[in-house]
Amino acid sequence: MKKNLNRDAGNKVLTAFAIGGVIVVAVVAAFFSNWSSPSPANASTKANIDTRFLSLTAGTIAATEVPASLPVVGLTINQQFVLKPISQVTQRNLALIAQSNAITIGRRYANTQPFAAKALLASFTSINSIPPTGATEPSHPIKNVPTWVVTFTTTNPQNVIQGKRVQPGQHAPTLSPTHLNIVINATTGAFVLGFFTA
């Protein structure tokens, strides 16, 4: 199951972030991952680690939230998203939208007008979007996309139920995210995905 928030689900889920009470989320990308992985993003190979994870995160630093700036080697956020710096040369060759425009666009998707916001320019990869070797189903990989990762921070985190809808009598794991991250294509301004972090 993809944990990315698509455009349709994104508008509903991300709007819910600003509402009190328990929020049911059909699809959330954040704290939990499909991989059993050691803490460092570039840790040694183990048989139960997804090979996509190993190849896409090699050399990066493991992190749990989007920082104010990126280390040269890049970061892997919650074992799901890879953020790497975009070189100055590449930036000059791209028609990037302004950081302030990215934040304005992000607010439209997040509906979080009162929350503080920052935007980080990064080459963005969603590991779950990359099909495994041998996959034949159609896919829409998000790999090395120039993006603004717009992060909204709340001082009043709300409970969010992660995962797909549960059957009556079952309970889904919950989390209380402080940060809502909206990923915006840095050249087109298009919504890429959204995810929560602590």
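The structure under discussion appears in the preceding block.
Note that the structure is predicted; figures quoted are calculated from it, not measured. Here the residue numbering is sequential within each chain, running from 1 through the sequence in written order. In keeping with the predicted nature of the model, local features appear solely for residues at pLDDT of at least 70, side-chain atom pairs appear and are counted solely at 80 or more, and the whole-chain, interface and lining totals rest on all residues. Processing note: side-chain calculations cover all non-hydrogen atoms of the structure and skip hydrogens and water entirely.

### Examining the overall build of the protein chain
In plain terms, the rule: Only DSSP runs of H or I reaching four residues or more are called helices, and only runs of E reaching two or more are called strands; each is numbered from the N terminus. Contact definition: two residues touch when any of their heavy atoms are within 4.5 Å. Per-residue and other accessible areas follow the Shrake-Rupley method at a 1.4 Å probe size, with only the shown protein chains counted as cover for residues.
Tallying secondary structure elements over the protein chain gives 4 helices and 10 strands in all. Put simply, of all contacts in the protein chain between residues at least 6 apart along the chain, 65% involve residues at least 24 apart. Working note: accessible area of the protein chain is about 10,000 Å², and carbon and sulfur atoms make up 54% of it.

### Examining the pairing of strand 5 (residues 116–126)
This is how it is decided: To sort residues, take the accessible area from a 1.4 Å probe on protein chains only and compare it with the maximum for the residue type: under 20% means buried, over 50% means exposed, and anything in between is partly exposed. One bridge is not enough; two strands pair if DSSP finds at least two bridges between them.
Extensive coverage of strand 5 is indicated by the burial of 8 of its 11 residues. Summarising the sheet, strand 4 (residues 81–84) and strand 5 pair through 4 bridges and their orientation is antiparallel. Looking across to strand 5, one finds that Val82 is bridged to Thr125. In this structure, strand 5 lies alongside strand 6 (residues 145–153), joined through 9 bridges in antiparallel fashion. Paired with Ala117 across the two strands is Phe152, which belongs to strand 6.

### Topic: unusual backbone geometry
Of note, the phi angle at Gln79 is positive, near 60 degrees, even though the residue is not glycine. Here Asn144, not a glycine, exhibits a phi torsion of approximately 55 degrees, which is positive.

### Side note on helix 4 (residues 99–110)
Counted only if it meets this: Multiply 1.5 Å by the residue count of a helix minus one, and that product is the helix's expected span.
If you check helix 4, its first and last C-alpha atoms are 16 Å apart, about what 12 residues at 1.5 Å a residue would give, namely 16 Å. In the stretch just after helix 4, Asn111 is the one whose phi turns positive, near 50 degrees.

### Observations regarding the side chain of Asn181
We apply this condition: Polar contact criterion, stated in full: a pair of N or O atoms within 3.5 Å, where within protein one must be able to donate a hydrogen and the other to accept it, and residues adjacent in sequence count only if both atoms are side-chain atoms.
With respect to the helices, strands and loops of the structure, Asn181 is situated in strand 9 (residues 179–185). Taking relative accessible area as the criterion, Asn181 reaches 0% and is therefore assigned buried. A distance of 2.7 Å separates a polar atom in the side chain of Asn181 from a polar atom in the side chain of Thr151. Ignoring anything within four residues of it in the chain, the contact list for Asn181 reads Val66, Val149, Val150, Thr151, Leu193, Gly194, Phe195, Phe196 and Thr197.

### Some details on the sheet that holds strand 4
Across a sheet, strands are paired by hydrogen bonds formed along the backbone, either parallel or antiparallel in direction. Applicable threshold: All axes here are fitted lines through C-alpha atoms, helices being fitted over the stretch that makes contact, and every angle between N-to-C directions spans 0 to 180 degrees.
Ordered in space as 2-3-4-5-6-9-10, the 7 strands form an open sheet in which the pairing is mixed. Looking along the sheet, the strands with just one partner apiece sit at the ends: strand 2 (61–63) and strand 10 (191–197). Across the sheet, the mean angle separating the axes of adjacent strands is 35 degrees when strand polarity is ignored. In this sheet, strand 4 lies alongside strand 3 (residues 75–77) in antiparallel orientation, the contact comprising 3 bridges. By the bridge assignment, Thr76 is partnered in strand 4 with Val82.

### Section: the pairing of strand 10
Of all the 7 residues making up strand 10, 7 are buried; the element is thus mostly covered by neighbouring parts of the structure. Inspection of the sheet shows strand 9 paired to strand 10 by 6 bridges, in the antiparallel sense. For Leu180, the partnering residue across the bridge sits in strand 10 and is Phe196. Counted along the chain from strand 9 to the antiparallel partner strand 10, the turn is 5 residues long, and its residue Gly189 has a positive phi close to 80 degrees.

### Side note on the nonpolar core
To be explicit about the condition: Side-chain atoms within 4.5 Å link the members of a nonpolar core, which is a set of buried Ala, Val, Leu, Ile, Met, Phe, Trp, Tyr and Cys residues.
In terms of nonpolar packing, the biggest core is built from 19 residues, with Trp148, Val150, Phe152, Ile182 and Ile184 touching the most fellow members. Of all the secondary structure elements, the ones that give two or more residues to this core are helix 4, strand 5, strand 6, strand 9 and strand 10. Among the elements that take part in this core, helix 4 stands out by supplying 5 residues, more than any other. If you look at the next biggest cluster of nonpolar residues, it comprises 17 residues, including Ala63, Ala122, Val145 and Val192.

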